[in-house]
Amino acid sequence: MVAPITRPQVLSFRARAQQLDRNAVELAQAAVLDIGAQDSGPDGARWALSNRGVDLPEMCGRALVRVWTIRGAPHLYLRESLPSVAAAVEPFSDADAGKRIHDAAKPLKSAGISNLAALNAVAHAMRSVVTRPTTKGEVCTHVSALMDPPYLRFCRARNATHLFEMPFRLAALRAGLELDADTSPPVLRPVPDFERAAETSPSHDVVRAYLRLLGPATAKHVADYLDAPVKDVKARWPTDTVQVSVEGEQRWVLAADADKLTADIVTTTRLLGPFDLFLQARDRPVLVDDPARAKALWPVLGRPGAVLVDGEIAGLWRPRMSGKRLGVRIALWAKSSASVRAAVAVQAERLAAYRKVPLSGIDLDG
C-alpha cells in the first residue's frame, strides 16, 4: 500500500491527470475526451478543452462528435474513437440498464420486457425515423407512435404521451445517432458509416478512465458517476490497481499512476465550467470540504462555475451577458493575493475571447 495520501495531493493528481496544468495540448491527446467531456451550457465541453490548452478552431472541423452517453448527458469525444466509446458506455448488464433508465424500468418489468431489449427496440425505432437531421421533438413524436404502452409515459407539462426520457437518450447512440453542435432543441442525425466496436479500448474503459482521471476512488464512486450498480462495477474492476489511504478511507488507483500521487502540488488558475470533469468526481467532500460552500457550488438548479487555484476550488464564478458584452462575477472564498487576483482576471479575459465577445468588466469579491 502507498503511504497515506492527503487531500491536496488527490486534487493535484486529478488536475495533472486532466491536463489542467497545461497551456498547450493537441486535440488527439486531450485526456478528458477518453471518458467524455460533458457538453452542457455555453461553457461546456469546448471551454473544458480550452482550459486544458486545446486550440479549438470552429469545433476542430469534424474531429469531434457530440452524443448522449453517461447519465444521458451530451458529451464530446473524438469522432475516430466513437466505435470504441459506444462499446464502453453500454450498460454492463440488464440490471445496470434498469438503473440507468430510472423510472422507465418499472413498466417494462411489469410487461415482461428486459431493459436491454427495450433499449434495442427504441434504438431500432429511432434508426428508422432519423434518416436526416431531425429535431428531438420530431424524433420523439414519430418514435413514440411506433412503441407499445410500456415504453411510454404521460407528460403533464406537454399534455402528451411519449417515450420515457432516459431510454430515448441512451438508445440514440445504439441507433448510430449523434447530436448537432450548438442546437437547442437538439438536432439528431445519423453518424456516417457507424458501427459499434466489438470491444472497447483500455483508454475508453469507463472504470479505468475514472480511476485515471478522478482517482483514487472506490467502486461506489465509479458506480455513482455512471449511474450503475456497484456490483457491476466491482465485476469489472481492473486487476492492475493498488490500494491507498485518502483521509483514512481505503481507495484504489491504477498501479501505473501510484507514483504520481506524491508529485508536486499543481500551480494553475482556471475558471472551470459548471460541468467540468474536475467537478464531476463523486467524492464531493474531497473537492470542497465545507458543506455550505459545496451547497453553493452544486445547487439543484443553476450551477455556477468554479475557480480553481493551485488544485483547490477557491470560489465561484458566473457570467453576466449584457447585449454582446460579457461580465464575470467572481466570488473567492478567502482573501486572495494580488497574484491570484491577477491570474483570475487573465482567465476572465480568456473566457471572453473564447466566447468571442468583449469583456465588459470583472466583479471580483475576495
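Residues numbered from 1 in each chain as written. Predicted model: local features only at pLDDT ≥ 70, side-chain atom pairs only at ≥ 80, totals over all residues. Heavy atoms only, no water.

1. As for the environment of Ala258
Move 1: On the secondary structure map, Ala258 appears in the loop between strand S10 (249-254) and strand S11 (269-272).
Move 2: On the basis of relative accessible area, Ala258 is assigned to the buried category, the value being 7%.
Move 3: For the pair Ala258 and Thr241, spaced 17 residues apart in sequence, the C-alpha separation works out to 8.7 Å. (Helix = DSSP H or I, 4+ residues; strand = E, 2+ residues; numbered from the N terminus. Buried < 20%, exposed > 50% of the residue type's maximum accessible area, 1.4 Å probe, protein only.)

2. Some thoughts on the pairing of strand S5 (residues 152-155)
Move 1: Here S5 pairs with strand S6 (residues 160-163) via 4 bridges, running antiparallel. Within S6, the residue paired with Cys155 across the bridge is Ala160.
Move 2: Between the antiparallel neighbours S5 and S6 lie 4 residues, among them Asn159 with a positive phi of about 50 degrees. (Pairing = 2+ DSSP bridges.)

3. Brief notes about the environment of Lys106
Move 1: Topologically, Lys106 is positioned in helix H6 (residues 105-110).
Move 2: By relative accessible area, which is 66% here, Lys106 ends up exposed.
Move 3: Taking the C-alpha atoms as reference points, Lys106 and Pro150, separated by 44 residues in sequence, lie 8.8 Å from one another.

4. Notes on the nonpolar core
Move 1: Counting 71 residues, the largest nonpolar core has Leu33, Leu49, Leu226, Val233, Phe278 and Ile313 as its most contacted members.
Move 2: In terms of residue count, helix H10 (residues 206-214) provides more of this core than any other element does, 7 residues in total.
Move 3: Not counting residues within four places of it along the chain, the set of residues in contact with Phe278 comprises Leu11, Arg14, Ala15, Gln18, Leu20, Arg52, Leu272, Leu287, Leu308, Gly311 and Ile313.
Move 4: Counting residues in hydrophobic clusters, the runner-up holds 31 residues, among them Ala123, Val139, Ala175 and Leu179. (Core = buried A, V, L, I, M, F, W, Y, C linked by side-chain atoms within 4.5 Å. Contact = heavy atoms within 4.5 Å.)

5. As for the packing of aromatic side chains
Move 1: Applying the stated criterion across every chain yields a total of 4 aromatic pairs.
Move 2: With 6.4 Å between their ring centres and 85 degrees between their planes, Trp237 and Trp252 make a pair best called edge-to-face. Residue Trp237 is located in the loop between helix H12 (230-235) and strand S9 (241-246), and its partner Trp252 is located in strand S10; the two are separated by 15 residues in the primary sequence.
Move 3: The class for Trp252 is partly exposed, based on a relative accessible area of 27%.
Move 4: A cation sits over an aromatic face here: Arg71 above Tyr225, 4.7 Å from the ring centre.
Move 5: Its end group placed over the ring of Phe92, Arg100 keeps NZ or CZ at 5.5 Å from the ring centre. (Phe/Tyr/Trp six-rings, centres within 6.5 Å; stacked < 30°, edge-to-face > 60°. Lys NZ or Arg CZ within 6 Å of the ring centre and 35° of its normal.)

6. Some thoughts on unusual backbone geometry
Move 1: Of note, the amide linkage connecting Ser184 to Pro185 takes the cis form, showing an omega dihedral of 5 degrees.
Move 2: In this structure, Pro185 sits in the loop between strand S7 (177-179) and strand S8 (187-190).
Move 3: In this chain, Gly215 is followed by Pro216 through a cis amide linkage whose omega measures -10 degrees.
Move 4: You can see Pro216 is positioned in the loop between H10 and helix H11 (219-226).

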